[in-house]
Amino acid sequence: LEFSYVSSPPPPSPFQSLIELFVNRLDSVESVLPYEYDAFDFCQDTEEKRPSENLGQVLFGERIASSPYKFTFNKAETCKKVCTRSYDPENNVDKNKLAFLKKGMQLNYQHHWIIDNMPVTWCYDVEDGQKYCNPGFPIGCFVTPDGRVKDACVINSEFNKKNTFYLFNHVDITIMYHKGKDENWPDARLVMARLRPQSYKHTDENNLSCEGPPMEIPGEFNSKLNLIYTYSVTFEEKNNIKWASRWDYILESMPHTNIQWFRCKTSIINNALALVPLPKFALFKNVVAKVLSCYLEDAQEEFGWKLVHGDVFRPPRKGMLLSVFLGQGTQIFIMTFITLFLACLGFLSPANRGALMTCAVVLWVLLGTPAGYVSARMYKTFRGEKWKTNVLLTALLCPGIVFADFFIMNLILWVKGSSAAIPFGTLVAILAMWFGISVPLTFVGAYFGFKEKPIEHPVRTNQIPRQIPEQSFFTKPLPGIIMGGILPFGCIFIQLFFILNSIWSHQMYYMFGFLFLVFIILLITCSEATVLLCYFHLCAEDYHWWWRSFLTSSFTAVYLFIYAVHYFFSKLQITGTASTILYFGYTLIMVLIFFLFTG
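Residues numbered from 1 in each chain as written. Predicted model: local features only at pLDDT ≥ 70, side-chain atom pairs only at ≥ 80, totals over all residues. Heavy atoms only, no water.

1. Here's the deal with the overall build of the chain
For the chain, the helix and strand inventory stands at 16 helices and 17 strands. The contacts of the chain with a sequence gap of at least 6 include a subset with a gap of at least 24, amounting to 78%. Only carbon and sulfur atoms are counted for the fraction: they give 61% of the accessible area of the chain, which is about 30000 Å². (Helix = DSSP H or I, 4+ residues; strand = E, 2+ residues; numbered from the N terminus. Contact = heavy atoms within 4.5 Å. Areas by Shrake-Rupley, 256 points an atom, 1.4 Å probe, with all protein chains shown as cover.)

Below, the structure is given as structure tokens:
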């Protein structure tokens, strides 16, 4: 299944000759801390404009602002000056600004520019003659004191001086447009924007040529330094690219795209085949047992799970906590299902920045009623009497843990001056949504849940609990729970790799069709694995199945955490204590949500 993001063309509008370039946050694969464009000493717009941002953009740290790069349609410019930045080694402010710029180059921070709501891409050749289009480009690059060339310095043999930074202070921008003569609209629409970062040492700002040696910034800042930023822009007519499919060239050129398609297809087929034996195995065992019972003299005697029919619906220990987990898990399950379904339909495409996170948060807030209902109904079935405590825990426990973790991470981001730090007003708005909408809806759901009759059990529970016989190793709780999480994790670990890449390596994730299918397979796998293992334990006359049924599938979250640790040490290049704490802090939020969802 191939789902692409297709947007219908907007209605014809008056032709606009001015093309504005917007800048977004800068991020790095070596750090979890993104920074605003203004945090670095780049050229800034004298009349800065900031488009309104939705909740998802704010939570992801996106900070979009206008830039001094402004073009006139179909008017080419060559080596046009943008601004000049001067640095004096005797001025502490200048020293700090230049030091921060050097740090950005050393950690390979990337620009993210936007034209007509479309990323300006840097396309370059990779192995096997393929072209990779990156939606960002680096500030510059660094050659270490021992002569090791880092990151983008490999693109130019002149970047070879030890302990030297090379700044990309010039960009060659190519804007491609599609004319609509065949579609009966007179204007032109932008369909692609590419750039090529360059480094030039401009000696005379009144006579710019954009040629010559690269712009070097020595590791030791001892003399005055002038940085002149320039650009060139050209326009090309590209009528073979339709406006509605202008994102395709970015998605098709993402790294590992072919590998991802192959792995996704293979994993879905393998997972689907793995599901087939599970129900058949239990069914086959039942059939054999029934056939054999016809020939056994003691066939009328109760055996296995039949012996515990009087204890199987005995309320579990810690029933309050289990009911709260079930309510919160139901809320997250419905939220995830609707979000993925809308993403499959193309409503949450990369063109709608922040839409995915905004949709998920809004749905979670509005789904407090199912959480309260399920929690209250299950707690009443468990014969619980502290209904006020149940309602409060359902509304506050798990969201409170997530918010506390999120608040601590936000403090670290705030101290570091990162753009990902959530403004105080947004935090207040999130709390208002939580206590003003989600909590009351949870109370409403709990009210209807407690009004309902408890779930009726088909058999009566005995007064005296039955003694559980000695269990073998594999029918003990812990081994069964550990084994139960393996199969569901096997369904998701391939998609998990690409999801983590999109979060921490800043790559676009767009295969929501595959993800939705994997989501459905995960649901079936969790259900069947739990039913099968609970059946085995009941056959072993162990009737404590309530918590075991929840933990068998939710143990998949432990495997997710282990994989996230492996991914951190083997795939990422993150350095620094703050970035490490942020990575594992946000990972714990993901693990908790996945724990409740699978359970």
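2. Notes on the packing of aromatic side chains
Under the defined criterion, the tally for this structure stands at 51 aromatic pairs. Residues tyrosine 35 and phenylalanine 100 carry aromatic rings whose centres are separated by 5.2 Å and whose planes lie at 90° to one another, so their mutual orientation is edge-to-face. Of the two residues, tyrosine 35 is situated in strand S3 (residues 31-35) and phenylalanine 100 in helix H2 (residues 92-106); the sequence distance between them amounts to 65 residues. Its relative accessible area of 5% is what places tyrosine 35 among the buried residues. Under the relative-accessibility criterion, phenylalanine 100 is labelled partly exposed at 23%. On the basis of an interplanar angle of 55° and a centroid distance of 6.2 Å, the ring pair of phenylalanine 341 and phenylalanine 516 is categorised as tilted. In this pair, phenylalanine 341 is assigned in helix H6 (residues 319-344) and phenylalanine 516 in helix H13 (residues 512-539), connecting sequence segments 175 residues apart. By way of ring pairs, the aromatic residues Tyr35, Tyr37, Phe40, Phe42, Phe100, Tyr109 and Tyr229 are connected into one cluster. (Phe/Tyr/Trp six-rings, centres within 6.5 Å; stacked < 30°, edge-to-face > 60°. Buried < 20%, exposed > 50% of the residue type's maximum accessible area, 1.4 Å probe, protein only.)

3. Things to note about the sheet that holds strand S15 (residues 188-198)
Overall, mixed pairing links the four strands, which are arranged S5-S17-S14-S15 in an open sheet. Strands with a single pairing partner mark the edges of an open sheet, and in this sheet they are strand S5 (77-87) and S15. For this sheet the average axis-to-axis angle between neighbouring strands, irrespective of direction, equals 20°. Bridge analysis of S5 against strand S17 (residues 225-237) gives eight bridges, and the strand direction is antiparallel. Considered in S17, the bridge of serine 86 is made with asparagine 226. H2 contacts S5 and S17 of the sheet and is inclined by roughly 130° relative to S5. (Pairing = 2+ DSSP bridges. Axes fitted to C-alpha atoms, helices over the stretch in contact; angles between N-to-C directions.)

4. Comments concerning unusual backbone geometry
Even without a glycine there, the phi angle at aspartate 151 is positive, about 50°. The residue aspartate 151 is located in the loop between strand S12 (140-143) and strand S13 (164-167) in this model. By relative accessible area, aspartate 151 is classed as partly exposed at 28%. For arginine 383, which is not glycine, the phi dihedral falls at a positive 65°. Relative to the helices and strands, arginine 383 is located in the loop between helix H8 (368-381) and helix H9 (387-415). The exposed category is assigned to arginine 383, whose relative accessible area is 55%.

5. A few points about the pattern of salt bridges
If you walk through the whole model with that rule in mind, you get 13 salt bridges. With a closest N to O distance of 3.2 Å, arginine 85 and aspartate 41 form a salt bridge. Of this pair, arginine 85 sits in strand S5 while aspartate 41 sits in the loop between S3 and helix H1 (55-59), and the two are 44 residues apart along the sequence. Two residues, lysine 70 and aspartate 45, come together in a salt bridge whose shortest N-O distance is 3.3 Å. Linking lysine 70 in strand S4 (residues 65-72) with aspartate 45 in the loop between S3 and H1, this pair joins segments that are 25 residues apart in sequence. Residue class for aspartate 45 comes out buried when judged on its relative accessible area of 11%. Salt bridges sharing common partners tie together Glu20, Asp45, Lys49 and Lys70. (Salt bridge = Lys/Arg side-chain N within 4 Å of Asp/Glu carboxyl O.)

6. Considerations on the nonpolar core
Counting 136 residues, the largest nonpolar core has Phe71, Leu101 and Trp113 as the members making the most contacts within it. When residues in this core are grouped by element, the largest group, 10 residues, is from H13. Ignoring sequence-local partners within four residues, the contact set of phenylalanine 71 consists of Ser17, Leu18, Ile19, Leu21, Ile115, Ile173, Ile175, Tyr231, Val233 and Phe235. In terms of nonpolar packing, the next biggest core, distinct from the first, is built from six residues, Met320, Ala376, Tyr379 and Phe450 among them. (Core = buried A, V, L, I, M, F, W, Y, C linked by side-chain atoms within 4.5 Å.)

7. Re the environment of leucine 225
Position of leucine 225 relative to the elements: it lies in strand S17. The sequence separation of leucine 225 and leucine 98 amounts to 127 residues, and the corresponding C-alpha distance is 9.7 Å.

8. Description of the UniProt feature "transmembrane region" (unreviewed entry) in the chain
The feature "transmembrane region" (unreviewed entry), as given by UniProt, occupies residues 324-348, 354-379, 391-415, 427-450, 481-504, 510-538, 550-569 and 581-598 in the numbering adopted here. In this annotation, residues 510-538 is assigned 93% helix and 0% strand; the end-to-end C-alpha distance for the span is 43 Å. (UniProt positions renumbered as here; feature names shortened; annotations may be inferred.)

9. Concerning the state of the cysteines
Scanning the entire structure with this criterion turns up four disulfides. Across the disulfide from cysteine 43 sits cysteine 83; the S-S distance is 1.7 Å. Here cysteine 43 and cysteine 83 share a disulfide; its torsion about the S-S bond, -80°, makes the bridge left-handed. With cysteine 43 in the loop between S3 and H1 and cysteine 83 in strand S5, the pair connects residues that are 40 residues apart, well separated along the chain. The class for cysteine 43 is buried, based on a relative accessible area of 2%. What makes cysteine 83 buried here is its relative accessible area of 12%. Note on cysteine connectivity: cysteine 123 is disulfide-linked to cysteine 133, with sulfurs 2.1 Å apart. Judged by the sign of its S-S torsion, about 110°, the cystine formed by cysteine 123 and cysteine 133 is right-handed. (Disulfide = S-S within 2.5 Å.)

10. So, H8
The periodicity of an α-helix, 3.6 residues per turn, causes residues three or four places apart in sequence to face the same way. Between its first and last C-alpha, H8 extends 20 Å over 14 residues, near the 20 Å set by a 1.5 Å rise per residue. When H8 is considered as a whole, its buried residues turn out to be Gly368, Ala371, Gly372, Ser375, Ala376, Met378, Tyr379 and Thr381. Once H8 finishes, arginine 383 follows within two positions and takes phi at roughly 65°, a positive value. (Expected span 1.5 Å × (residues − 1).)

11. Observations concerning the pairing of strand S14 (residues 170-179)
In terms of burial, S14 is largely enclosed, as eight of its 10 residues are buried. The sheet contact formed by S14 and S15 spans 10 bridges and is antiparallel. Directly across from valine 171, in S15, lies its bridge partner proline 197. Alignment of S14 against S17, held across eight bridges, turns out to be parallel. Across the sheet, isoleucine 173 pairs through a bridge with valine 233, a residue of S17.

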